[in-house]
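Each chain, letter by letter, is given below.
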Amino acid sequence: MGHDWVMRDDIPGPILPPASIGILGGGQLGRMLGYAARAMGYGIRVLDPEPLCPASAVADHVEVGAYDDLEAALRMARDCAVVTYELEHVAPGLVDAIDALGIPVRPGARALRVTQDRLAERAFVVAQGVAVAPWREVMVGDDEALDAALDIVGAPARLKAAFGGYDGRSQVRIATTRDRRMAWMDLGRASGQPAILEREVAFRAELSVIGARGLDGRYAAYPVFRNVHDRGILMSTEWPAGVPQAVDDAAASIGRALAEAIGLVGVLTVELFLLPDGSLVVNELAPRVHNSGHVTLDAAATSQFEQHIRAICGLPMGATDLLTPAAMVNVLGDGVRRPAQLGGIADALADAGVHLHVYGKRDVVERRKMGHLTAIAPPDGSSEDALDRAHAALERLSWMT
Ligand code: AMP
């Protein structure tokens, strides 16, 4: 892989260390991108509202500001050779302004605009001929539109705010058509705001495909990941997903088609539902590294974080091979908000196949993503065995009171 990579006149040359990479957002994804970039010799500058954000541990400089603070973003970007983002909730105008300084932002403003708005995202995916669950646009508070949409889409259905939802927030399940009157209140959005009603998919499995597209247009996907969510939050990932090769191939071609259509440079994650007939429908896109890809840190030839850095710097892609079956479980916060101190670590790591990643968030908050565990499979074991190992380790961890 990668042997046929050549420099081309029609694309800019690679960005090389010790150049600095700017990251909009300093959460755990920024932190792990930072580790990868740091390992390769790059400098790191971060924009985040919190000076002690997770990425601060690995950044040369944290510019303190909100994700729509133009002045702060420009100060952060000033000495950077390239800028990227670790979350979709960055103001696109800010990306345009950095771009206007001649500093490339990869994956770029278009990917942000498409993925920030569930309605724009649906329209985009459909325009590429890729399947999604039946859906209708509705305005919050418009009972007639909701009734009409429910008639078409059917129940059970999911009502989702078009903007600002993540980790299961701003999403309501409508189990039967009788439930609909409570839906607006449960969604908690002001009247007139755009939302989407879509059919609840009776999926066989949730999968994700993570692929990177280079500056030269080449695309490389990892084998798909199998994910389990609880109330919208990822709980665990198994890798490989244990699906037929045809499913893997179909997922990779969806990832490639969408990345190409956006003109994206960097990593694109596509969340998918696998239907009982073996077909795939797209749930959601993220123009970034993804929680379901964390297992690549310990089980892939190249981690998703390194792959993203390589892509945005115009370097050739790394190999996407899975080296060993593995699994990841998220370590979530629980209980009242308090300083984060994790107990049981030595017990969890007594299993030599287990790795712990802690994100350095100072406070535990109920259901906040605080870290993750990965486990590799025992010799000749499967990803299911790895998942058992990861769960056993997770049970040994607890947040101190
Ligand atoms: P989302 O925020 O849209 O990614 O949704 C979070 C999680 O809710 C998904 O990973 C699924 O587990 C579930 N979910 C969302 N939409 C649907 C749907 N249309 N059908 C079934 N499950 C869904």
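Residues numbered from 1 in each chain as written. Predicted model: local features only at pLDDT ≥ 70, side-chain atom pairs only at ≥ 80, totals over all residues. Heavy atoms only, no water.

Colleague: Is there a simple way to explain the nonpolar core in this structure?
Modeller: Nonpolar side chains in soluble globular proteins tend to be buried together. Counting 46 residues, the largest nonpolar core has Leu 24 and Leu 207 as its most contacted members. It is helix H8 (residues 245-262) that provides the largest number of residues to this core, a total of 6 residues. Apart from the residues within four sequence positions on either side, Leu 207 is in contact with Val 224, Phe 225, Arg 226, Asn 227, Ala 241, Val 243, Val 247, Val 270, Glu 271, Leu 272, Leu 274 and Leu 280. Counting 40 residues, the second-largest nonpolar core is a separate cluster that includes Ile 15, Tyr 42, Ile 210 and Cys 313. (Core = buried A, V, L, I, M, F, W, Y, C linked by side-chain atoms within 4.5 Å. Buried < 20%, exposed > 50% of the residue type's maximum accessible area, 1.4 Å probe, protein only. Helix = DSSP H or I, 4+ residues; strand = E, 2+ residues; numbered from the N terminus. Contact = heavy atoms within 4.5 Å.)

Colleague: Help me out: how do you make sense of the site of the ligand in this one?
Modeller: Residues in close proximity to the ligand total 16 residues, the closest being Lys 160, Glu 198, Val 201, Glu 206 and Glu 284. Taking Arg 199, its main chain carries an N or O atom lying 2.9 Å from a nitrogen atom of the ligand. Contact between the ligand and Asn 283: an oxygen atom at 3.0 Å from a side-chain N or O atom of the residue. If the ligand stood free it would expose 470 Å²; the protein chains cover 94% of that surface. Listing elements by their share of the shell around the ligand, those giving two or more residues are strand E6 (157-161), strand E8 (194-199), strand E13 (266-274) and strand E14 (280-286). Looking at the shell around the ligand residue by residue, the classes come out as 3 nonpolar, 4 polar and 9 charged. (Near = heavy atom within 4 Å. Polar contact = N/O pair within 3.5 Å; in protein donor to acceptor, adjacent residues only side chain to side chain. Areas by Shrake-Rupley, 256 points an atom, 1.4 Å probe, with all protein chains shown as cover. Nonpolar A, V, L, I, M, F, W, Y, C, P; charged D, E, K, R; others polar.)

Colleague: Even after reading the chapter, I still don't get the environment of Ala 390, so can you show me in this structure?
Modeller: Structurally, Ala 390 is set in helix H12 (residues 383-396). Judged by its relative accessible area of 0%, Ala 390 falls in the buried class. Sequence separation between Ala 390 and Ser 236 is 154 residues, and the spatial gap between their C-alpha atoms is 9.0 Å. When neighbours within four sequence positions are excluded, Ala 390 is seen to be in contact with Val 329, Leu 373 and Ala 375.

Colleague: What exactly am I supposed to notice about the sheet that holds strand E7 (residues 171-174) here?
Modeller: Sheet strands pair via backbone hydrogen bonds, and the direction of the pair is either parallel or antiparallel. Reading across from one edge, E5-E8-E6-E7 is the order of the 4 strands in this open sheet, with antiparallel pairing throughout. The sheet terminates laterally at strand E5 (135-139) and E7, the two strands that pair on one side only. In this sheet, adjacent strand axes meet at a mean angle of 25 degrees when their direction is disregarded. As paired elements, E6 and E8 share 5 bridges and run antiparallel to each other. The residue of E8 that forms the bridge with Ala 157 is Arg 199. Docked against the sheet, helix H5 (residues 118-127) engages E5, E6, E7 and E8, running at close to 50 degrees with respect to E8. (Pairing = 2+ DSSP bridges. Axes fitted to C-alpha atoms, helices over the stretch in contact; angles between N-to-C directions.)

Colleague: Got a minute to help me understand the packing of aromatic side chains in this structure?
Modeller: By convention here, two paired aromatic rings are described through the distance between centres and the angle between planes. Under the definition given, this model contains 4 aromatic pairs. Taking the centre distance of 5.1 Å and the plane angle of 0 degrees together, the rings of Phe 203 and Phe 273 count as stacked. With Phe 203 in the loop between E8 and strand E9 (205-213) and Phe 273 in strand E13, this residue pair connects regions lying 70 residues apart in the sequence. On the basis of relative accessible area, Phe 203 is assigned to the partly exposed category, the value being 37%. (Phe/Tyr/Trp six-rings, centres within 6.5 Å; stacked < 30°, edge-to-face > 60°.)

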